[in-house]
Amino acid sequence: MLQKTSHFMRQANFIDGAWVNADSGQTIDVVNPASGQTIGTVPKAGTAETRRAIEAAEAAFHSWKKTSADHRAKLLRKLHDAIMDNQDALAELLVMEQGKSFAEAKGEVGMSAAYILWYAEEGRRVYGDVVPSPWADRRILVTKEPVGVIGAITPWNFPSSMLARKLGPALASGCTAVAKPASQTPYSGLAWGVLCEEVGFPKGVVNIVTGAASEIGDELCQNPLVRKITFTGSTEVGKTLIEKTAGTVKKVSMELGGNAPFLVFDDADIDRAVEGAIAAKYRNSGQTCVCTNRFFVQAGVYEAFVEKLSAAAERLKVGPGLEEGTQQGPLIDEKAVEKVEELIADATSKGGKLAAGGSRHALGGTFFQPTVISNATPDMRFMKEEIFGPVAPVFRFETEEEAVKLANDTVFGLACYFYTGDLGRAFRVMEGLKYGLVGVNEGIITTVEAPFGGLKESGLGKEGGHQGIEDYLDTKYVCIGGLGL
Ligand code: NAP
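Note that the structure is a prediction, hence the values are computed from the model and not measured.

## Re helix α14 (residues 423–432)
Side chains three or four residues apart in an α-helix point the same way, a direct result of the helix having 3.6 residues per turn.
Here is step 1: Those residues of α14 that fall on the buried side of the exposure criterion are R425, A426 and V429. With its buried residues spanning 105° around the axis, α14 presents them on a single face. Residues of α14 that are exposed and point over 90 degrees away from its buried face: L423 and E431.
Here is step 2: Those residues of α14 that are buried lie in contact with β12 (260–264), β13 (292–298), α13 (400–408), β18 (415–419) and β19 (437–440).

Here it is, written out as C-alpha cells:
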C-alpha cells in the first residue's frame, strides 16, 4: 500500500506537463497531524512560477477548447476510472496529510471521482439556444463557450474533493486550469497532476502550484490571462480575492465559511435527530464548512436530546486516521486546538455546562475529545464564529418563530438542518431559513447531483448539479443578418 501511495506523493509542482521545483529551491514542510512528524516537502513557489503556469494554461487553452465535448468526456471518464482504481492509495495519502479517518478519506476520494464522472456527462449537455427572431431576415443564436484559463484555490479540509468540483466542470467545458492546493495538504492536490498526466490530458491543461499563498493568489487574481477565480476557503480570504480580481473583472466563484444551525423541534424523531447530529457535527473532527456550529433544541425535548447526543459523542472512537475503527482523527494543527479551547472557555465562563468531553484527548498532540456544551446562549462566541472543531453547543428555544430567527442571526448562509415530524412546519421552516443548503430530517446531504453553495457571506455561485458548469462558460449572442428571406 505504501509503495502505491508514494507514487502519488509528488514533492514537485506540475507546470506545462513537467514536474519542477521552485525557482528559489525553497520548500515547505508537510506534517502528519496524527503524529506531528514531517512526511515530506513541497516547493515554495511564488509569482514567477505561477505566471509560467498561467502562460502554459493559456497556450494549452487554444487547442483544448477546440476538442469535442465527447473527447473531453472520454478523458474525464478515464480520469474517474484512474481515481477509483487507486482509491485506497489516494485515501491513505489524504489521511497522512489531513488526519481524517481512512473511511472518510476513502469516501472523499470516491466523491472526487463522482464529480469527475458527473461533469464528463454534463459537459456533453452544454446547450445554447436558437431564439425566435424579431426580424424576418435575421436569426439569433446563443452559444456557450469556455471562459479560458481558470485559477483554483482550495483549503485543507477536503484536499481532494474541493479540487474535483472545480477541475471537473473546468475541463469538461474546455477551460484549462492553474490550481493552488492548501499548504498543509498539498499532496492530494498534486496527485491530480499525476492522474491527469497518466490518463493523457495534454500538457498545460492542468497545472498545480504550491507555495506562498499571497504571491500565487495575487498573480492568479491580477493576471489578465486568467478569466475566472474559483476559491474554497475562509470568508476573510475570499473577500480579499474578490477585491483583487476587480482590476481585471474576472468571474468569481466563492465557497466560503459557514455557521450551520441544526434545529430540533418537539415533534421530531429524537433518535434520528441524534444520528444526524453526530454526522453533521463530528465528521472530519468538526472541520467542515457544513458542520453544525449551533444546535437549537425545543424546550420539550431539550434534556433528552442533550443526554442522547452526549452519550453518542462519548462513544466515538478517537484515533489516528489509519487505525482500524477510528471515527474521529486529530485536528489539523495546534492553532485549531487553541481556538476550540478558547471557545469552550468563553462558553463555560458564560454559564455553559460540559455535557461531554471538553478537553484535549489523552492521545495528546492535536487530538480533542468530542464535546457537547449545554445551556448555550446567544452571547457566546460560537453564535457568530465558525468553531471548526468537535464541539456541539446546544441552545434551548420555545417557539418556531424564535428558532428561525436565531438560526438566521448570522452573516453566513451555507448549510442548515432541521428535524420535525410536521409537514406544514417542514415547509414553513425550510422557506424561512436563509441558507443555500437545507437538510430536512437529514444530517449529510452533499451529493454531486445537487447544487452546493452558500448565500450571504458564505459565497457566490454553485458547485455540483447542472448549475456547477455555468460559471465556467461565457454566453455569446450571435445575430446573423442579411439572410434575404
Ligand atoms: P483559508 O485560510 O482561507 O485557506 C484556503 C486557501 O486559500 C488555501 O489554499 C490558502 O493557502 C489560500 N490562501 C490563504 N491566504 C491567501 C491569500 N492571501 N491569497 C490567496 N490564497 C490564499 O481557509 P482554510 O483555513 O484552509 O479552510 C477553512 C475554511 O474554508 C473554513 O472557513 C471553511 O468553512 C471553508 N470551507 C468552505 C467550503 C465551502 O464549500 N463553502 C468548503 C470547505 C471549506 P495556504 O494553505 O498556503 O495558506
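## Points about the pattern of salt bridges
Here is step 1: Counted under the stated rule, the structure contains 28 salt bridges.
Here is step 2: The salt bridge partner of E219 is R51, with a shortest N-O separation of 3.0 Å. In this pair, E219 is assigned in helix α8 (residues 213–222) and R51 in helix α2 (residues 47–64), connecting sequence segments 168 residues apart.
Here is step 3: For R51, a relative accessible area of 39% translates into the label partly exposed.
Here is step 4: Connected through shared salt-bridge partners, D267, E400, R425 and R428 make up one network.

## Examining the environment of R428
Here is step 1: With respect to the helices and strands, the residue R428 is situated in helix α14.
Here is step 2: Residues R428 and V404, spaced 24 residues apart in sequence, show a C-alpha to C-alpha distance of 9.7 Å.
Here is step 3: Only 2.8 Å separates the side chain of R428 from the side chain of E400, close enough to count as a polar contact.

## Topic: the sheet that holds strand β15 (residues 371–376)
Here is step 1: Across the sheet, which stays open at both edges, the 7 strands sit in the order β14-β15-β16-β13-β12-β18-β19 with mixed pairing between neighbours. Of all strands in the sheet, those bounded by a partner on one side alone are β14 (353–356) and β19. Across the sheet, the axes of successive neighbouring strands diverge by a mean angle of 25°, strand direction being ignored.
Here is step 2: Against the sheet, helix α10 (residues 270–282) engages β12, β13, β15, β16 (391–397) and β18, with an angle of about 170° to β12.
Here is step 3: In this fold α13 packs onto β12, β13 and β16, with an angle of close to 170° to the strand it touches most, β13.

## Focus: the site of the ligand
Here is step 1: In the region of the ligand, 30 residues are neighbours, and T154, S183, S234, L256 and E386 sit closest.
Here is step 2: Take S183: an N or O atom from its side chain is 2.5 Å from an oxygen atom of the ligand.
Here is step 3: Take E255: an N or O atom from its side chain is 3.3 Å from an oxygen atom of the ligand.
Here is step 4: Looking at the shell around the ligand, the elements that each hand over two or more residues are α6 (161–173), α8, β10 (226–232) and α9 (235–245).
Here is step 5: Broken down by element, the shell around the ligand gets its largest block of residues, 3 residues, from α8.
Here is step 6: When grouped by side-chain class, the residues that make up the shell around the ligand number 15 nonpolar, 11 polar and 4 charged.

## Some thoughts on the sheet that holds strand β6 (residues 139–146)
Here is step 1: Within the open sheet, the 3 strands sit side by side as β5-β6-β22. Their pairing is antiparallel. Sheet topology places β5 (129–131) and β22 (473–480) at the edges, where each strand pairs with a single neighbour. Strand after strand, the sheet turns through a mean of 25° between neighbouring axes, direction not considered.
Here is step 2: Both β5 and β6 contribute to a ladder of 3 bridges, which runs antiparallel. From the neighbouring strand, V130 faces β6, where its bridge partner is L141.

## Side note on the confidence of the model for the chain
Here is step 1: Summing up the model confidence of the chain, the mean pLDDT is 97 and the portion of residues at 70 or higher is 99%.
Here is step 2: Per-element confidence in the chain is highest for strand β8 (residues 176–180), whose mean pLDDT is 99, and lowest for helix α1 (residues 2–8), whose mean pLDDT is 71.

## Examining the pairing of β15
Taken residue by residue, a regular strand's side chains alternate between the two faces of the sheet.
Here is step 1: Most of β15 is tucked away, with 5 of its 6 residues classed as buried.
Here is step 2: Note: β14 against β15, 3 bridges, orientation antiparallel. Its bridge partner being in β15, A356 is matched across the sheet by V372.
Here is step 3: Both β15 and β16 contribute to a ladder of 4 bridges, which runs parallel. What sits directly across from A376, in β16, is F395.

## Points about the environment of A170
Here is step 1: Looking at the element boundaries, A170 is found in helix α6.
Here is step 2: Distance from A170 to A268, taken between C-alpha atoms, is 42 Å for residues 98 residues apart in sequence.
Here is step 3: For A170, the residues in contact, after removing those within four places along its chain, are I150, C175 and Y472.

## Here we look at the packing of aromatic side chains
Here is step 1: Counted according to the given criterion, the structure contains 9 aromatic pairs.
Here is step 2: Between the aromatic rings of W64 and F201, the centroid separation amounts to 5.7 Å while the plane-to-plane angle is 55°, which identifies the pairing as tilted. Of this pair, W64 sits in helix α2 while F201 sits in the loop between α7 (186–199) and β9 (206–208); the two residues are 137 residues apart in sequence, bridging distant segments of the chain.
Here is step 3: Under the relative-accessibility criterion, W64 is labelled buried at 1%.
Here is step 4: With a centroid separation of 5.7 Å and an interplanar angle of 90°, the aromatic rings of W156 and F388 are classed as edge-to-face. Taken together, the residues span a long stretch of sequence, with W156 in the loop between β7 (149–153) and α6 and F388 in the loop between β15 and β16 at a distance of 232 residues.
Here is step 5: Each member of the aromatic cluster is reached from another via a ring pair, and the members are F262, F295, F305, Y417 and Y419.

## Thoughts on the side chain of E122
Here is step 1: Looking at the secondary structure, you find E122 in helix α5 (residues 102–122).
Here is step 2: Relative accessible area serves as the criterion here: at 8%, E122 is assigned to the buried category.
Here is step 3: If near-sequence neighbours (up to four positions away) are discounted, E122 is found in contact with H466 and I469.

## Topic: unusual backbone geometry
Here is step 1: In this model, V249 sits at a positive phi of 40°, which is unusual for a non-glycine residue.
Here is step 2: In this fold, V249 is placed in the loop between α9 and β11 (251–255).
Here is step 3: The residue N284 is not glycine, and still its phi comes out positive at about 55°.
Here is step 4: Relative to the assigned elements, N284 resides in the loop between α10 and β13.
Here is step 5: Looking at N284, the relative accessible area reads 2%, which means it is buried.

Quick notes on the rules
- Residues numbered from 1 in each chain as written.
- Predicted model: local features only at pLDDT ≥ 70, side-chain atom pairs only at ≥ 80, totals over all residues.
- Heavy atoms only, no water.
- Buried < 20%, exposed > 50% of the residue type's maximum accessible area, 1.4 Å probe, protein only.
- Helix = DSSP H or I, 4+ residues; strand = E, 2+ residues; numbered from the N terminus.
- Arc of directions from axis to C-beta.
- Contact = heavy atoms within 4.5 Å.
- Salt bridge = Lys/Arg side-chain N within 4 Å of Asp/Glu carboxyl O.
- Polar contact = N/O pair within 3.5 Å; in protein donor to acceptor, adjacent residues only side chain to side chain.
- Pairing = 2+ DSSP bridges.
- Axes fitted to C-alpha atoms, helices over the stretch in contact; angles between N-to-C directions.
- Near = heavy atom within 4 Å.
- Nonpolar A, V, L, I, M, F, W, Y, C, P; charged D, E, K, R; others polar.
- pLDDT = per-residue confidence, 0-100.
- Phe/Tyr/Trp six-rings, centres within 6.5 Å; stacked < 30°, edge-to-face > 60°.

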